[in-house]
Amino acid sequence: MARSFESELPQARILVLDFGSQYTQLIARRVREAGVYSAIYPFDVSLDAIFQFQPSGVILSGGPATVTEKFTARVAPEVLKMGVPVLGICYGMQTMVAQLGGKVENALVHEYGHTPIQLIGNCELFANATQKHGGHDASAMDVWMSHGDRVIELPDGFERLAESAASPYAAVGDAKRQLYGLQFHPEVTHTVGGTNILQGFLRDICHCSTNWQTDSIIESQIDIIRETVGQDRVILALSGGVDSSVCAALIYRAIGDQLTSIFVDTGLLRLHEAKSVQQSMSNEFGMDINVVDAQDRFFDALEGVADPESKRKIIGRTFIDIFQEEAQKLSGVKWLAQGTIYPDVIESAGTSTEKAKVIKSHHNVGGLPETMQLELLEPLRELFKDEVREVGRELGLSPEIVNRHPFPGPGLGVRILGEVKKEYAGMLRLADAIFLEELVRNDLYYEASQAFAVFLPIKSVGVVGDNRAYDYVISLRAVQTQDFMTARCMRIPFEVLEAIATRIANEVPGISRVVYDVSSKPPATIEWE
């Protein structure tokens, strides 16, 4: 029986049970950054799945619900009796307290944003989070709160570990049962010492070894790929983005010429993308790339479709159809490799349960048809984006590829609002290229975490020469973020924005107006669709 990724997991592993917090992915990433493997399961995943995972500790995430209502999300009681440490964060703390006999109420004063707390007594959780001041038992910390409910009575066995002005129990713990709760969010950078708190939980309470490292990921994955694939042929969905490029390099190192990389020109790619991908992967690794021109096929499939979810799934199905057709032209092909990464799986509700809420379907997850004939090979499926980039560096990919801005799998199909038309894609592709070219010219490209143009299917009045124009609008979007869970618009110098807008209006026929998106995430998302 072939080994799986799960069978190669480190012995130390943390299970994050998700109650719907916008920060849940960030919790898992912080744990991995500390050198401990973590996985996210929905709060209502089966007990069998939890026990099979064999966690060294469990973290209960925050969430939008309130435990003051009769029917809300609850952690399975068995999780609190497993004998492994449990850390509840925000809602996770409140449901744990309420389920064990404590009391939670809707507070008159809500706490949002930076909040000072005082630590009380000594606890391993906070051992390295802050320094003592003036010899007092309590130490001040500045943390990030985001809650409307508060704990007002503790269950038997619990003690208060911290308090704030509005929350008498800002942190609690039962050392005997190894159950702990934080009303604040240690996973966000706004909590001073938050990383140290999580490390205290991992190291001093869960006693986890820190052996989750990039080099071990590469070694184990190469072994798994070789054992799984055997002598079979593999075709790879190569898009030129970071994920698929790293996936290609990893599989190529494992099985060499058994891999055939296929690049599909959908007509929804960036300017000169096909040529660029061929040159970079061929020059760096000697790979042969098969290019399939399927532009008309994608535009025909998308005709008349405006709904973002429908567009994503159509693009995904069309991709798979093409790969199956290409596979039939080759002998011995059994596997379809994809650069699917962990956030794709989570956002597409492709986790261990069907009850997770879909944020958006990724073409390589939510769009896969039941009739697909090839087996999937996804060696990056358990990795976050920053881990993928690090794997790429270790494999020797160039900085230009590894540090490239994210590009959605459906491409320009979800950066053209509403119906996708070939003429719209042509205008957007040129505008996007101008935008990125000017960012590079002004040494701003790597200051942005992600930058792109969006086509708006609306027209506005303009003046071209002495004539009236009635043309389309392009919106520019550039954000800065550490984790892509929250983001703020990049403050591009006005003179640079003005130069970009002028070039787009002058060089892209059909565009007469350019706007700049200054929305933050939340409430907006980074992509428009």
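This text goes with the structure placed above it.
Residues numbered from 1 in each chain as written. Predicted model: local features only at pLDDT ≥ 70, side-chain atom pairs only at ≥ 80, totals over all residues. Heavy atoms only, no water.

## So, the pairing of strand S1 (residues 13-18)
- Extensive coverage of S1 is indicated by the burial of five of its six residues.
- One ladder, built from six bridges, connects S1 with strand S2 (residues 37-42); its direction is parallel. Following the sheet pairing, Ile 14 is matched in S2 by Ser 38.
- Following the backbone out of S1, through helix H1 (residues 24-33) and into the adjacent parallel S2, one traces a crossover that is right-handed.
- Two elements, S1 and strand S3 (residues 57-60), share four bridges in a ladder whose sense is parallel. (Buried < 20%, exposed > 50% of the residue type's maximum accessible area, 1.4 Å probe, protein only. Helix = DSSP H or I, 4+ residues; strand = E, 2+ residues; numbered from the N terminus. Pairing = 2+ DSSP bridges. Right-handed = clockwise from strand over helix to strand, strands pointing away.)

## Brief notes about the sheet that holds strand S8 (residues 171-174)
- Taken together, nine strands build an open sheet; the order of strands is S2-S1-S3-S4-S9-S8-S7-S5-S6 and the sheet is mixed. For this open sheet the edge positions go to S2 and strand S6 (140-153), each flanked by a neighbour on one side alone. Adjacent strand axes in the sheet meet at a mean angle of 20°, parallel and antiparallel pairs treated alike.
- The sheet contact formed by S8 and strand S9 (residues 179-182) spans four bridges and is antiparallel. (Axes fitted to C-alpha atoms, helices over the stretch in contact; angles between N-to-C directions.)

## Focus: the packing of helix H5 (residues 214-229) against helix H11 (residues 385-395)
- Two elements in contact, H5 and H11, have axes whose closest approach is 9 Å; the angle formed by their N-to-C orientations is 75°. As summarised for this structure, H5 and H11 are arranged roughly perpendicular, according to the angle between their axes. Across the interface between the two elements, Thr 214, Ile 217 and Ile 218 of H5 pack against Glu 390, Val 391, Glu 394 and Leu 395 of H11.
- For the contact of H5 with H11, the per-class residue count stands at four nonpolar, one polar and two charged. (Parallel < 35°, antiparallel > 145°, perpendicular 65-115°, else oblique. Contact = heavy atoms within 4.5 Å. Nonpolar A, V, L, I, M, F, W, Y, C, P; charged D, E, K, R; others polar.)

## As for the side chain of Arg 270
- Tracing the sequence through the fold places Arg 270 in the loop between strand S11 (259-265) and helix H7 (273-285).
- Setting aside anything within four residues of it in sequence, one finds Arg 270 in contact with Arg 404, His 405, Phe 407, Arg 429 and Asp 432.

## Looking at the environment of Ala 306
- Mapped onto the elements of the fold, Ala 306 is located in the loop between helix H8 (295-302) and helix H9 (308-328).
- A residue is classified by how much of its surface remains accessible, and Ala 306, at 41% relative accessible area, is partly exposed.

## Brief notes about unusual backbone geometry
- With an omega of -10°, the peptide bond between Lys 521 and Pro 522 qualifies as cis.
- Tracing the chain through its elements places Pro 522 in the segment after strand S18 (511-516).
- Here the amide bond leading from Pro 522 into Pro 523 is cis, since omega sits at 10°, within 30 degrees of zero.
- Locating Pro 523 in the fold gives a position in the segment after S18.
- Here Cys 90, not a glycine, exhibits a phi torsion of approximately 55°, which is positive.
- Within the element layout of this structure, Cys 90 appears in the loop between strand S4 (86-89) and helix H3 (91-99).
- The residue Gln 178 is not glycine, and still its phi comes out positive at about 60°.

## Side note on the side chain of His 405
- With respect to the element layout, His 405 can be found in the loop between helix H12 (399-402) and helix H13 (422-441).
- Only 3.0 Å separates the side chain of His 405 from the backbone oxygen of Ala 448, close enough to count as a polar contact.
- Aside from chain neighbours lying at most four places away, what touches His 405 is Arg 270, Tyr 445, Ala 448, Ser 449, Gln 450 and Ala 451. (Polar contact = N/O pair within 3.5 Å; in protein donor to acceptor, adjacent residues only side chain to side chain.)

## Here we look at the sheet that holds strand S13 (residues 333-337)
- Across the sheet, which stays open at both edges, the five strands sit in the order S12-S11-S10-S13-S14 with parallel pairing between neighbours. Each of the sheet's edge strands pairs with one partner strand only, and the pair in question is strand S12 (289-293) and strand S14 (375-377). Neighbour-to-neighbour, the strand axes of the sheet open up by a mean angle of 35°, direction not taken into account.
- Two elements, S11 and S12, share five bridges in a ladder whose sense is parallel. Considered in S12, the bridge of Ile 262 is made with Asn 290.

## Topic: the pattern of salt bridges
- The full count for this structure, using the stated rule, is 25 salt bridges.
- Between Arg 150 and Glu 105 there is a salt bridge, and its shortest N-O distance comes to 2.8 Å. Of this pair, Arg 150 sits in strand S6 while Glu 105 sits in strand S5 (residues 103-119); the two residues are 45 residues apart in sequence, bridging distant segments of the chain.
- Accessibility expressed as a relative area gives 23% for Arg 150, which makes it partly exposed.
- The exposure class of Glu 105 is partly exposed, given its relative accessible area of 26%.
- Glu 375 is the salt-bridge partner of Lys 334, the closest N and O atoms lying 3.5 Å from each other. Of this pair, Lys 334 sits in strand S13 while Glu 375 sits in strand S14, and the two are 41 residues apart along the sequence.
- For Lys 334, a relative accessible area of 36% puts it in the partly exposed group.
- Given a relative accessible area of 37%, Glu 375 falls into the partly exposed group.
- Three or more residues joined by partner-sharing salt bridges are found here, namely Glu 437, Glu 438, Arg 441, Arg 503 and Glu 507. (Salt bridge = Lys/Arg side-chain N within 4 Å of Asp/Glu carboxyl O.)

Everything listed here is a matter of geometry and, on its own, says nothing about what the molecule does.
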